[in-house]
Amino acid sequence: MRKFNREELLKYDGKQNKEIYIACFGKVYDVTESGSWADGEHYDHEGGLDLTELMDESPHGEEVFEGYEIVGSLVD
């Protein structure tokens, strides 16, 4: 499985590349095909970032990523 650091993940923001990846709880998900992530944005969140800390404020949990391909893991 591919390992991403935060700098590499930023390249997949939906603007620099067409792919949109986000990280959550150490997993990197491809959300490119999600209508909720049009243009690399989802509400106040942007693609290419680790959203783990924001999940406490979210109306949903990690289960929201079920069905999205895990393309790697986030390493610091």
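For every chain, the first residue of the written sequence is number 1, and numbering continues from 1 onward in sequence order. Local features in a predicted model are, by the rule used here, given only for residues with pLDDT of at least 70; side-chain atom pairs are given and counted only at 80 or more, and totals for whole chains, interfaces and linings are based on all residues. Derived side-chain values reflect all non-hydrogen atoms in the structure, with water molecules and hydrogen atoms excluded from consideration.

## Quick notes on the overall build of the protein chain
We apply this condition: Secondary structure is summarised from DSSP: a helix means a run of H or I of at least four residues, a strand means a run of E of at least two, and numbering begins at the N terminus for each. What the globule rule says is 2.2 Å times the number of residues to the power 0.38, and the radius of gyration is computed from C-alpha atoms. We call a residue buried when its accessible area falls under 20% of the maximum for its residue type, exposed when it is over 50%, and partly exposed in between, using a 1.4 Å probe and counting protein chains only. The criterion used for residue contact is that any of the two residues' heavy atoms lie within 4.5 Å. The protein chains shown are the only cover counted for residues, whose accessible areas, like all others here, come from Shrake-Rupley with a 1.4 Å probe. Charge counting treats Lys and Arg as positive and Asp and Glu as negative, with His and both chain ends excluded. Here the site of a charge means NZ on Lys, CZ on Arg, CG on Asp, or CD on Glu.
Counting its regular elements, the protein chain contains 1 helix and 6 strands. Reading the protein chain from its N terminus to its C terminus gives the helix and strand order β-α-β-β-β-β-β. Whereas a compact globule of 76 residues would reach a radius of gyration of roughly 11 Å, the protein chain reaches 11 Å, a difference of no more than 12%. Each principal axis of the C-alpha distribution contributes one length, and for the protein chain these read about 30 × 25 × 20 Å. By the burial criterion, 34% of the 76 residues in the protein chain qualify as buried. Excluding contacts between residues fewer than 6 apart, the proportion of contacts in the protein chain whose partners are at least 24 apart in sequence is 67%. Here the protein chain has roughly 5000 Å² of accessible surface; of this, 45% comes from carbon and sulfur atoms. Where the 7 positive side-chain charges of the protein chain centre and where its 19 negative ones centre are 8 Å apart.

## Re the environment of glutamate 63
Mapped onto the fold, glutamate 63 is located in the loop between strand S5 (45–46) and strand S6 (69–74). For the pair glutamate 63 and glycine 26, spaced 37 residues apart in sequence, the C-alpha to C-alpha distance is 14 Å.

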